[in-house]
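The chain contents come next:
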Amino acid sequence: MGPIDYIVVEFPGNRMTGEGLPILVDLVDRGLIRILDLLFVRKDADGSVVGMEIADFDADGTLDLAVFEGASSGLLGEDDIEEAGKALEPGNSAGILVYENVWAAPLATALRRGGAQMVASGRIPVPAVLAALEETDAG
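As the structure is a computational prediction, the values presented were derived from the model and not from experiment.

### Some points on unusual backbone geometry
For step 1, the next point in the chain: Non-glycine residue N14 carries a positive phi angle of around 60 degrees.
For step 2, the next point in the chain: Relative to the helices and strands, N14 resides in the loop between β1 (4–11) and α1 (21–29).
For step 3, the next point in the chain: The exposure class of N14 is partly exposed, given its relative accessible area of 30%.

### A short note on the pattern of salt bridges
For step 1, the next point in the chain: On inspection of all chains with the given rule, the structure shows five salt bridges.
For step 2, the next point in the chain: Across the pair R30 and D26 runs a salt bridge whose closest N-O atoms are separated by 2.9 Å.
For step 3, the next point in the chain: Here K86 ties to E83 by a salt bridge, and the two come within 3.4 Å at their closest N and O atoms. Here E83 and K86 lie together in helix α2 (residues 78–87), a separation of three residues that amounts to about one turn.

### Some details on the confidence of the model for the protein chain
For step 1, the next point in the chain: Of all residues in the protein chain, 87% attain a pLDDT of 70 or more, and the chain-wide mean is 86.
For step 2, the next point in the chain: Here strand β3 (residues 49–52) stands out as the element of the protein chain with the lowest mean pLDDT, 84, in contrast to helix α3 (residues 105–113), whose mean of 93 is the highest.

Thresholds applied
Residues numbered from 1 in each chain as written. Predicted model: local features only at pLDDT ≥ 70, side-chain atom pairs only at ≥ 80, totals over all residues. Heavy atoms only, no water. Helix = DSSP H or I, 4+ residues; strand = E, 2+ residues; numbered from the N terminus. Buried < 20%, exposed > 50% of the residue type's maximum accessible area, 1.4 Å probe, protein only. Salt bridge = Lys/Arg side-chain N within 4 Å of Asp/Glu carboxyl O. pLDDT = per-residue confidence, 0-100.

Written out as structure tokens, the structure is:
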């Protein structure tokens, strides 16, 4: 298996346009990622967090996420949903996506076969990378 990541993407005012969905489908179709879990939640004005059904985001008459309907590995529990809800502002919704980086699986397997082991990993936030690049360009 490749590394497993998750993201929580907030949609202010519950405005989900579905604009990024073709790119997500393309990543899956090209075998770069595998969707393990995909669900949507909404945080109501009273702070309660509720699940949402897959929707027709672009109002074209078809479910935009139908290809991912039922994508549930069981990795996400109620506590994860509540935790994601803490990051949301009331009146907003979010998509929670858990995915495997399939592209990395062959590399990880080869490294393990050679006796290597992962001792650290992390992610550099995009704003930090952009700031560092701007600083480099300015210098």
